[in-house]
Amino acid sequence: MTLRLSPALDATALGAAFRARRRLHIPGVLDPDSAGALVDAMEAFDEWKVSVSAGGEFFELPLKGRRAAEPAKQSWIDGARVDGADPRMQYVFDTRRLDLEADAGPRDAVGAVPAFLNGPEFLAFVRAVTGDDRIDFADAQATRYRPGHVLTGHDDAAEGKNRLYAYVLNLTRDWRADWGGVLAFEGVDGHIEEGFAPAFNALNLFAVPMRHAVTQVAGFAPRDRLSITGWLRSHQAV
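Here's a quick rundown of the structure.

Conventions and cut-offs
Residues numbered from 1 in each chain as written. Predicted model: local features only at pLDDT ≥ 70, side-chain atom pairs only at ≥ 80, totals over all residues. Heavy atoms only, no water. Buried < 20%, exposed > 50% of the residue type's maximum accessible area, 1.4 Å probe, protein only. Helix = DSSP H or I, 4+ residues; strand = E, 2+ residues; numbered from the N terminus. Pairing = 2+ DSSP bridges. Arc of directions from axis to C-beta. Contact = heavy atoms within 4.5 Å. Phe/Tyr/Trp six-rings, centres within 6.5 Å; stacked < 30°, edge-to-face > 60°. 1 Å grid on protein atoms, 1.4 Å probe; cavity = no way out; pocket = protein on both sides within 12 Å on 5 of 7 lines; lining within 4 Å. Points joined across faces, edges and corners; volume = space filled by probe spheres on them. Nonpolar A, V, L, I, M, F, W, Y, C, P; charged D, E, K, R; others polar. Salt bridge = Lys/Arg side-chain N within 4 Å of Asp/Glu carboxyl O.

1. Some remarks on the pairing of strand β9 (residues 163-170)
Inference 1: Summarising burial for β9: eight of the eight residues are buried, a large majority.
Inference 2: Of the pairings in the sheet, the one linking β9 to strand β14 (residues 225-233) comprises seven bridges and is antiparallel in character. Across the sheet, the residue bridging to Asn-170 is Ser-227, located in β14.
Inference 3: Where β9 lies against strand β12 (residues 202-207), six bridges are found, and the strand directions are antiparallel. Residue Val-168 lies in a different strand from β12, and its bridge partner there is Asn-204.

Written out as structure tokens, the structure reads:
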């Protein structure tokens, strides 16, 4: 499938808005057919892995449905707990790694994402919005946050990764902010300066480093928080 940006996007206006705070919520970023195909593929996908870095535990396990593919390891998942006293980044969420190689992974709409993100249309768009021609490529993973999943505070800085900007392409229909899963930006005083709820077909874009978290998805949330996430990176040291 060919994924496309919405033709209604105004990169010049979006660029002016981005420069004001070095972050931006961009609604309606994909054309409706592209967004619909992506969410359908994510909902149908059944080869997720759960990724855990929490409370001193570090592992990634294949899932069968929503449980460990190896039943004996389900207790690892059930026992994973974030240590609230630990200031380091911790997380629990499901992932599907997306490779830049065209033949990697299932041939569904999500499998087409790396080629789309690294194609001329998308790269020209994010360079125009950020005003930064250093952007050379994008990496990506699909993520699924189920009830209880979370990503604690961090700033995305990673030596040698040459990360310029982080992005989140939200693909959950009809999400409510009180279900959690909010991309929350922390100010120097510890308060939340701004929060972006995971609105369907919206791209959240922000500069690295910038401290942020994904708030825990509520236990009563009736659906999963689905997104494509990653970084816009340079081949040169930054």
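Following the structure, the description resumes.
2. Digging into helix α1 (residues 11-21)
Inference 1: Considered for burial, the residues of α1 that qualify are Leu-14, Gly-15 and Phe-18. One side of α1 carries all its buried residues, which in axial view fall inside an arc of 105°. In α1, those exposed residues whose orientation departs by more than 90 degrees from the buried face are Thr-12 and Ala-20.
Inference 2: Elements in contact with the buried residues of α1: β1 (23-26), α5 (120-130), β9 and β12.

3. Points about the environment of Val-182
Inference 1: Positionally, Val-182 belongs in the loop between β9 and β10 (183-186).
Inference 2: Placed 10 residues apart in sequence, Val-182 and Thr-172 show a C-alpha to C-alpha distance of 12 Å.
Inference 3: Apart from residues lying up to four places away in sequence, Val-182 is in contact with Ala-177, Gly-195, Phe-196, Ala-197, Pro-198, Ala-213, Val-214 and Thr-215.

4. Focus on the packing of aromatic side chains
Inference 1: Tallied over the entire structure, the rule returns nine aromatic pairs.
Inference 2: Measuring from ring centre to ring centre gives 5.6 Å for Phe-59 and Trp-76, while their planes differ by 70°; the resulting arrangement is edge-to-face. Taken together, the residues span a long stretch of sequence, with Phe-59 in strand β3 (residues 57-64) and Trp-76 in helix α3 (residues 74-78) at a distance of 17 residues.
Inference 3: What makes Phe-59 buried here is its relative accessible area of 12%.
Inference 4: Taken together, a centroid distance of 5.4 Å and an interplanar angle of 40° make the contact between Tyr-91 and Phe-93 tilted.
Inference 5: Judged by relative accessible area, Phe-93 falls into the buried class, the value being 8%.

5. Observations regarding empty space enclosed by the protein
Inference 1: Overall, the coordinates contain two cavities of 30 Å³ or more when judged by the stated rule.
Inference 2: A volume near 40 Å³ is recorded for the largest cavity.
Inference 3: The set of elements that each furnish at least two residues to the lining of the largest cavity consists of α4 (113-117) and β9.
Inference 4: Split by residue class, the lining of the largest cavity holds nine nonpolar, no polar and no charged.
Inference 5: Empty space within the second largest cavity amounts to approximately 30 Å³.

6. Quick notes on the pattern of salt bridges
Inference 1: A full pass over the atoms with the stated rule returns 15 salt bridges.
Inference 2: Between Glu-70 and Lys-73 there is a salt bridge, and its shortest N-O distance comes to 3.6 Å.
Inference 3: The class for Glu-70 is partly exposed, based on a relative accessible area of 45%.
Inference 4: Here Asp-94 and Arg-144 are joined by a salt bridge, their closest N and O atoms 2.9 Å apart. Here Asp-94 is found in strand β5 (residues 91-98), whereas its partner Arg-144 is found in strand β7 (residues 140-145), with 50 residues between them in sequence.
Inference 5: Classification of Arg-144 as buried rests on a relative accessible area of 7%.
Inference 6: The network of salt bridges with shared partners includes Arg-21, Arg-23, Glu-193 and Glu-194.

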